[in-house]
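Structural features, examined
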Amino acid sequence: MSSADDQDDLKPTSTPGYKPGAAKTAAEYAQLDAEDESLARWKASLGITPGATGGDTSGPKVTVLTLELDSPTLPPGKKLVFDLADSARLADLKKNPVVIKEGVEYNVRITFKVNHSIISGVRYIQVVKRAGVRVEKMEQMLGSYGPSPDGKPYTKNFDPEESPSGLLARSGSYNVRSRVVDDDGEVYADWDWSFKLAKEW
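Below, the structure is looked at part by part. Nothing here was measured: the structure is a model prediction, and the numbers come from that model. By convention here, each chain's residues receive numbers from 1 onward along its written sequence. Where local features are concerned, this predicted model is filtered to residues with pLDDT of at least 70; where side-chain atom pairs are given and counted, the filter is 80 or more; whole-chain, interface and lining totals use all residues. To get the side-chain values, take all heavy atoms of the structure and skip hydrogens and water.

1. Here we look at the overall build of the protein
Heads up, the condition is: The helix count covers DSSP runs of H or I at least four residues long, the strand count covers runs of E at least two residues long, and both are numbered beginning at the N terminus. The rule is simple: take the accessible area with a 1.4 Å probe, protein chains only, and divide by the maximum for that residue type; under 20% is buried, over 50% is exposed, in between is partly exposed. A 1.4 Å probe and the Shrake-Rupley method give the accessible areas. Residues count as covered only by the protein chains that appear here.
The helix and strand inventory of the protein stands at five helices and ten strands. The proportion of buried residues among the 201 residues of the protein is 38%. Counting every atom, the protein has about 11,200 Å² of accessible surface; 51% of that belongs to carbon and sulfur.

Structure, rendered in structure tokens:
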């Protein structure tokens, strides 16, 4: 598979006719329709209030902190958390696959921080390949968020999935490309990792 195919796999799906609006600061959003009470409550839920500042806008709008695979079948005390700031650990995950138990329900959890501005249309895309052939593509919307008033990160739990099972599924490893991208094509995180299936965690 070519690099162009890889990039096509990682493009978010688009809705025909939808065009993202012009980017606005948190202060600009706070001033819009200020007399509308229901809109003011919605904006407050995003941390947009009159007098709100967008903070330092020189860095990325979003910083992705961790990706976690969670399952009720994980042994007590075991966690599968990838710290995206740890480049050595991420490089290791490409060479040494994470072991996932076959045939169990699991879900992906992502933790991120909105640094400034309002985000909407931000998605997590995960493409799984085996022997260079795409076997799965998952695309999940993160939702709409503003900078957290208390500076704490947000956590998004995605819908549960079930890991493949069987002898064929257990033979070999799977290569994964994960990306967090918005409607404008701005990439906030992009990393490779791998996993293999086994009878036990």
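2. Notes on the sheet that holds strand E10 (residues 187-198)
The line we're drawing: Pairing between two strands requires that DSSP report at least two bridges joining them. Each axis is a line fitted through C-alpha atoms, and for a helix only the stretch in contact is used; angles between axes span 0 to 180 degrees, taken between their N-to-C directions. In this analysis, two residues are considered to be in contact whenever any of their non-hydrogen atoms come within 4.5 Å of each other.
In space, the five strands of this open sheet follow the order E3-E10-E9-E5-E6, with mixed pairing throughout. Either end of the sheet is taken by a strand with one partner, and the two such strands are strand E3 (98-101) and strand E6 (133-145). Ignoring which end each strand starts from, the neighbouring axes of this sheet average 30 degrees apart. Judged from the ten bridges that link them, strand E5 (residues 119-130) and E6 form a sheet pairing that is antiparallel. Residue pairing across strands places Ile125 opposite Glu139, the latter belonging to E6. Contacting E3 and E10, helix H4 (residues 87-95) crosses the sheet at an angle of about 40 degrees to E10.

3. Considerations on unusual backbone geometry
Peptide bonds are, in most cases, trans, and in most cases residues other than glycine have a negative phi. Of note, the phi angle at Ala131 is positive, near 55 degrees, even though the residue is not glycine. Secondary-structure assignment places Ala131 in the loop between E5 and E6. Judged by relative accessible area, Ala131 falls into the exposed class, the value being 77%.

4. Structural notes on the pairing of strand E9 (residues 173-181)
By the bridge criterion, seven bridges tie E5 to E9 in an arrangement that is antiparallel. Each residue of the ladder has a partner; that of Val127, found in E9, is Arg177. When E9 meets E10, the two strands line up antiparallel, connected through nine bridges. Bridge pairing links Val176 to Trp193 in E10.

5. Re a negative patch on the surface
The condition that has to hold: Residues enter patches when they are more than 30% accessible in relative terms and free of salt bridges; like-charged ones are connected within 9 Å and nonpolar ones (Val, Leu, Ile, Met, Phe, Trp, Tyr) within 5 Å. The term salt bridge refers to a pairing of a side-chain nitrogen on Lys or Arg with a carboxyl oxygen on Asp or Glu at a separation within 4 Å. None of His or the chain ends enter the tally, which takes Lys and Arg as positive and Asp and Glu as negative. Lysine's charge is taken at NZ, arginine's at CZ, aspartate's at CG and glutamate's at CD.
Where like charges cluster on the molecular surface, the negative patch consists of Asp33, Glu35, Asp36 and Glu37. By secondary structure assignment, the location of Glu35 is in the loop between helix H2 (26-31) and helix H3 (37-45).

6. Things to note about the packing of aromatic side chains
Cut-off, in case you're wondering: Pairing of aromatic rings covers Phe, Tyr and the six-membered ring of Trp, with a centre-to-centre limit of 6.5 Å; geometry is then stacked below 30 degrees between planes, edge-to-face above 60, and tilted otherwise.
On inspection of all chains with the given rule, the structure shows eight aromatic pairs. Measuring from ring centre to ring centre gives 5.1 Å for Phe112 and Tyr145, while their planes differ by 80 degrees; the resulting arrangement is edge-to-face. Of this pair, Phe112 sits in strand E4 (residues 105-114) while Tyr145 is found in strand E6, placing the two residues 33 residues apart along the sequence. Across this residue pair, the class does not change: Phe112 and Tyr145 are buried. With centroids separated by 6.1 Å and ring planes inclined at 40 degrees, the aromatic side chains of Trp193 and Phe195 adopt a geometry described as tilted. A residue is classified by how much of its surface remains accessible, and Trp193, at 3% relative accessible area, is buried. Its relative accessible area of 10% is what places Phe195 among the buried residues. Cluster of aromatic residues (ring-pair linked, three or more members): Phe82, Tyr174, Trp193 and Phe195.

7. Describing the pattern of salt bridges
If you walk through the whole model with that rule in mind, you get eleven salt bridges. Of the charged contacts, one joins Glu102 and Arg170 as a salt bridge, the two residues approaching to 2.9 Å between their closest N and O atoms. A residue pair is termed long-range when its members are at least 10 positions apart, and Glu102 in the loop between E3 and E4 and Arg170 in helix H5 (residues 167-170) qualify at 68 residues. Residue Arg170 is classed as partly exposed on the basis of its relative accessible area of 24%. With its nearest N and O atoms 3.0 Å apart, the salt bridge here joins Asp183 to Arg123. Linking Asp183 in the loop between E9 and E10 with Arg123 in strand E5, this pair joins segments that are 60 residues apart in sequence. The structure contains a network of salt bridges with shared partners spanning Arg177, Arg179, Asp190 and Asp192.

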